[in-house]
Structure formats: C-alpha cells, structure tokens
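# Fold and contact review
As a plain string of letters, each chain reads:
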Amino acid sequence: IATAINKGYLPYFAVMVQSIKNSRNVSREYCIHILSSDITHDDLVQMPYLGDDCFTVDLIDVNWFKDKVAEFEFGEFFTVECLYRLALLELLPDIDKILYLDSDLIVLSDVSQLFDVDLAQNYVAAVKDIGIAGMAGGYAPDEADRLLKLGIDDFNSYFSSGVMVWDL
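Below: a short report on this structure. Keep in mind that what you see is a predicted model, and the values were worked out from it rather than measured.

Within the chain, the secondary structure is distributed over eight helices and six strands. Reading the chain from its N terminus to its C terminus gives the helix and strand order β-α-β-α-β-α-α-α-β-α-β-α-α-β. Taken over the C-alpha trace, the chain has a radius of gyration of 17 Å; the compact-globule value for 168 residues is 15 Å, and the two agree within 12%. Seen along its three principal axes, the alpha-carbon backbone of the chain occupies a region of about 45 × 35 × 30 Å.

Glancing now at the layout of surface pockets. Its boundaries defined by the atoms lining it, the second largest pocket holds a volume of some 210 Å³. Along the wall of the second largest pocket there are 13 residues; nearest its centre are Ile 1, Glu 29, Tyr 30, Cys 31 and Phe 115. At the level of secondary structure, the elements contributing two or more residues to the lining of the second largest pocket comprise strand 2 (30-36), strand 4 (97-101) and helix 6 (112-115). By residue class, the composition of the lining of the second largest pocket is eight nonpolar, two polar and three charged.

The grouping of Val 15, Ile 106 and Leu 108 at the surface amounts to a nonpolar patch, some 350 Å² of accessible area in total. Mapped onto the elements, Val 15 comes out in helix 1 (residues 10-23).

Here the focus is the pairing of strand 6 (residues 163-167). Examined bridge by bridge, strand 4 and strand 6 share five bridges and lie antiparallel to one another. Bridge pairing in strand 6 places Leu 99 opposite Val 165. In the sheet, strand 5 (residues 124-125) pairs with strand 6 via two bridges, with the strands oriented antiparallel. Bridge pairing links Val 124 to Trp 166 in strand 6.

Within helix 7 (residues 130-139), the full set of buried residues consists of Ile 132, Ala 133, Met 135 and Ala 136. When helix 7 is viewed along its axis, its buried side chains cluster within an angular range of 160° and face the same direction. Those residues of helix 7 that are exposed and aimed more than 90 degrees away from the buried face are Ile 130, Gly 137 and Tyr 139. Contacts from the buried residues of helix 7 go to helix 8 (141-149). Two or three places before Gly 131, at the opening of helix 7, Asp 129 has a side-chain oxygen 3.0 Å from that residue's backbone nitrogen.

Next up on the list: the pattern of salt bridges. Overall, the coordinates contain three salt bridges when judged by the stated rule. Across the pair Asp 43 and Lys 7 runs a salt bridge whose closest N-O atoms are separated by 2.7 Å. Residue Asp 43 is found in helix 2 (residues 41-45), and its partner Lys 7 is found in the loop between strand 1 (2-4) and helix 1; the two are separated by 36 residues along the sequence. With a closest N to O distance of 2.6 Å, Arg 28 and Asp 116 form a salt bridge. Here Arg 28, found in the loop between helix 1 and strand 2, pairs with Asp 116, found in the loop between helix 6 and strand 5; they are 88 residues apart in sequence, far enough to count as distant. Its relative accessible area of 26% is what places Arg 28 among the partly exposed residues. The class of Asp 116 is partly exposed, set by a relative accessible area of 43%.

Turning to helix 8, a few remarks are in order. For helix 8, the full list of buried residues reads Glu 143, Ala 144, Arg 146 and Leu 147. Seen along its axis, helix 8 keeps its buried residues to an arc of 165°; they face one direction. Turned more than 90 degrees away from the buried face of helix 8 sit Pro 141, Asp 142 and Lys 149, all of them exposed. Those residues of helix 8 that are buried lie in contact with helix 7. Within two residues after helix 8, Gly 151 carries a phi angle of roughly 90°, on the positive side.

What counts and what doesn't
- Residues numbered from 1 in each chain as written.
- Predicted model: local features only at pLDDT ≥ 70, side-chain atom pairs only at ≥ 80, totals over all residues.
- Heavy atoms only, no water.
- Helix = DSSP H or I, 4+ residues; strand = E, 2+ residues; numbered from the N terminus.
- Rg over C-alpha atoms; globule rule 2.2 N^0.38 Å.
- 1 Å grid on protein atoms, 1.4 Å probe; cavity = no way out; pocket = protein on both sides within 12 Å on 5 of 7 lines; lining within 4 Å.
- Points joined across faces, edges and corners; volume = space filled by probe spheres on them.
- Nonpolar A, V, L, I, M, F, W, Y, C, P; charged D, E, K, R; others polar.
- Patch = residues over 30% accessible without salt bridge, like charges linked within 9 Å, V, L, I, M, F, W, Y side chains within 5 Å.
- Areas by Shrake-Rupley, 256 points an atom, 1.4 Å probe, with all protein chains shown as cover.
- Salt bridge = Lys/Arg side-chain N within 4 Å of Asp/Glu carboxyl O.
- Pairing = 2+ DSSP bridges.
- Buried < 20%, exposed > 50% of the residue type's maximum accessible area, 1.4 Å probe, protein only.
- Arc of directions from axis to C-beta.
- Contact = heavy atoms within 4.5 Å.
- Polar contact = N/O pair within 3.5 Å; in protein donor to acceptor, adjacent residues only side chain to side chain.

Structure representation (structure tokens):
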C-alpha cells in the first residue's frame, strides 16, 4: 500500500491505518509506503499501532520529487502531495504491484481483495471521479480551466486517483 501525506494529514492517516488494520485479513502481511517530504520517524513513533509482525510502514523521503514539480500550479483543492504517486515507479523499483490510497480514507473491508484484482494487460485500475466533473461543470469553474491546461477536455473521463491499483 502506498499513500502520500504531510504533517497536517497525520491525524487522518492514523484513522486510515487503524481502519485498514481493523478490516484486514490477519493471514496476510501489509506494508504501507508513506510518501512524504516532511514526516519523520519520530512522527510515526507516536502511532504505536503502526508496526507489528504483519503490518509495517516504510517512510520514503520525496523531497527530490517535490523540487522537480515546484513550479506546478495545483489549484485550490490540491497540494503537491497529490503528485507523489506519480513517482511510485521510481520510488519502489522492486515492487511489481501496489495499491495507492489517499491518506484520508476510511477502509471498511479488507484492502487485499482490491490488491488482488487481476489487471490483465492494464497498468492501473481506478474509477471515474464524478465529483471533478461536477466541479468543472458548475460549482468550481476554475477547475475546468485547470483541467484544460492539463490537456483534459472530457471532464467525464477523469478518474479518481485516491484509490488505484497499479502494475508497476
């Protein structure tokens, strides 16, 4: 599992981790790769439930990537952490498949079921994000401009990047 956080999201991350642990298959091992430019091991020590024999964390410093994308404009609703997932292939070269989860989710069933989805010849599995289509189509018109600048002109084909399975 990979997630991207900053210090401001530590409380939400703590809830997500606990929800994963509460619904996990106890016969499987889980590792959460934390992509962050400001989280330290000391921050994570304050969350004693993170580490056990079947549940580990891996803190990955992404400052080098943050510097690469410093000139990007993220818009009102997004932060630089949204882009960290784009570096997964470089950050985790020895991993073949990963489940990416936004750090503010509550997990209600075992995520290993999602991880086990057969991607066949696809590189990623995700779902359409109808919220973005609504933003771009009405209540946040600046979002339409942002998407057009990114080359996305079909707002209904935008997908959620908050839950994805990647073939790395």
